[in-house]
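Structure at a glance
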Amino acid sequence: MNLIKQIIVVPLLITIIGVSVVYFTHPYVNFGVEYLPSSLPPLAANIPAHPVVDLSKKSQKIIEGQLTGPECLCFDPLHSDIFYTGAADGYIYRVNITTDKATKIVATGGRPLGVKFDVHHNLIVCDAVKGLLSIETKTNKVTILSTSAAGRNINFANYVDIAKDGKIYFTDAMRIAPVYAQTYWDTYTPSLAGSIAGNPSQGRVLKYDPETKETSEILSGLLYANGVAVSPDGSFLVVADTAANTLIKYYINGPLAGTTTTFSVVAGYPDNITFDSKGRLLVAIVAERDP
């Protein structure tokens with residue numbers, strides 16, 4: 001009986017307290033964020049680096065009740081009042097913040113999470129079920145770019161960013177794949193299962209080269225590989241290891257290329273991340289961490 005109670009109560013408690021707050025760079029959609037200067041030195045693992053800056057009181061709710069489980073958004077570079085996002089029903093939506101309307105565009109066949117526009121105005125999508133995808137926004141044609149790397153299937157494609165040279169960097173969160181729950185793809189249960197299993201270090205960062213169409217594994221051994229952001233100068237990237245409360249810096253170029261260091265230990269569980277126009281790293285926090 002105690003075990004049954006734990007199975008029921010623990011997920012419920014985590015759901016209640018683990019409310020995601022996401023900061024988007026557009027002025028109409030500011031939620032919650034940590035400001036981290038890109039030059040921040042590594043900190044000891046047991047020291048919370050920065051308190052969360054709560055911007056919820058300055059924010060404005062949009063498209064309330066129109067979507068279930070929007071994970072990430074990317075503004076259309078051709079239309080400043082439009083962004084794209086993926087939802088739990090497996091569809092990509094176009095959202096017009098002027099009309100406050102979300103329009104269903106195309107189903108990916110899985111669970112779309114991270115989204116990013118490339119230079120050709122294709123929407124690059126991390127689909128937790130299907131892998132790395134590309135969607136032609138004019139025709140809504142969906143193309144699968146990658147489903148495996150380093151001899152292993154991509155089971156949980158999570159978040160994506162694109163460097164100036166066109167290389168696509170994305171995360172494969174863990175080995176446990178999402179499950180379909182009647183009407184939507186459930187990414188929460190696998191995450192919880194991974195935690196119960198002791199978070200085996202199976203998260204990784206992958207790189208897709210559009211020219212060679214090859215996918216390589218550049219970083220592995222993460223507890224839960226989540227958001228990834230390439231620095232403005234393209235010399236390094238930062239990946240959020242949610243389960244470890246840590247942001248990891250991976251050097252792409254220069255004398256330290258291929259090596260890593262701790263970018264910051266976060267006072268919470270980091271999720272989506274992105275660099276803003278001032279070079280600050282914006283970090284969405286799923287929930288605060290116990291001291």
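Our subject is the structure listed above.
Residues numbered from 1 in each chain as written. Predicted model: local features only at pLDDT ≥ 70, side-chain atom pairs only at ≥ 80, totals over all residues. Heavy atoms only, no water.

**Description of the side chain of Asp127**
This is how the line gets drawn: Helix and strand definitions follow DSSP, with helices as H or I runs of at least four residues and strands as E runs of at least two, each counted in order from the N terminus. Only protein chains enter the accessibility calculation, which uses a 1.4 Å probe; a residue is then buried when its area is under 20% of its type maximum, exposed when over 50%, and partly exposed in between. His is not counted, nor are the chain ends; Lys and Arg add positive charge and Asp and Glu add negative charge. Each reported salt bridge corresponds to a side-chain nitrogen of Lys or Arg within 4 Å of a carboxyl oxygen of Asp or Glu. Here a polar contact is taken to be a pair of N or O atoms separated by no more than 3.5 Å, where protein atoms must pair a possible hydrogen donor with a possible acceptor and residues adjacent in sequence count only if both atoms sit in side chains. We call two residues contacting when some pair of their heavy atoms lies within 4.5 Å.
Considering the arrangement of structural elements, one finds Asp127 in strand S8 (residues 122-127). Despite its burial, Asp127 remains without a salt bridge, the nearest opposite charge being carried by Lys130 at 7.2 Å. Within polar-contact distance, the side chain of Asp127 engages the side chain of Thr108 at 2.5 Å. Within the local environment of Asp127, its side chain forms a polar contact with the backbone nitrogen of Val129, the two atoms lying 2.8 Å apart. Contact partners of Asp127, with chain neighbours within four places excluded, come to Thr108, Gly110, Arg111, Pro112, Leu133 and Ala157.

**Section: the sheet that holds strand S19 (residues 225-230)**
We apply this condition: Note on pairing: two strands pair once DSSP finds at least 2 bridges between them. Axis lines are fitted through C-alpha atoms, for helices just across the contact stretch, and the angle between N-to-C directions can take any value from 0 to 180 degrees.
Strand order in the open sheet formed by 4 strands is S19-S20-S21-S22, and the pairing between neighbours is antiparallel. Of all strands in the sheet, those bounded by a partner on one side alone are S19 and strand S22 (260-265). Across the sheet, the mean angle separating the axes of adjacent strands is 25 degrees when strand polarity is ignored. Bridging between strand S20 (residues 236-241) and strand S21 (residues 246-251) involves 6 bridges; their strand directions are antiparallel. Counterpart to Phe236 in the pairing with S21 is Tyr251.

**Some details on the nonpolar core**
Note the threshold: Definition used in this section: a nonpolar core is a set of buried Ala, Val, Leu, Ile, Met, Phe, Trp, Tyr and Cys residues joined via side-chain atoms within 4.5 Å.
Formed by 28 residues in total, the largest nonpolar core has its most connected members in Ile92, Leu123 and Leu237. Leave out the neighbours within four places in its chain, and Leu123 touches Tyr84, Ile92, Val115, Lys116, Phe117, Leu133, Ser134, Ile135 and Thr137. Counting 13 residues, the second-largest nonpolar core is a separate cluster that includes Leu247, Phe263, Ile273 and Leu281.

**Topic: the sheet that holds strand S6 (residues 101-107)**
Strands sit in the order S3-S4-S5-S6 across an open sheet of 4 strands; the sheet is antiparallel. If you trace the sheet from one side to the other, it starts and ends with strand S3 (73-75) and S6, each paired once. Here the average twist between neighbouring strands, direction ignored, is 25 degrees. Pairing geometry for S3 and strand S4 (residues 82-86), over 3 bridges, is antiparallel. Paired with Cys74 across the strands is Tyr84, a residue of S4.

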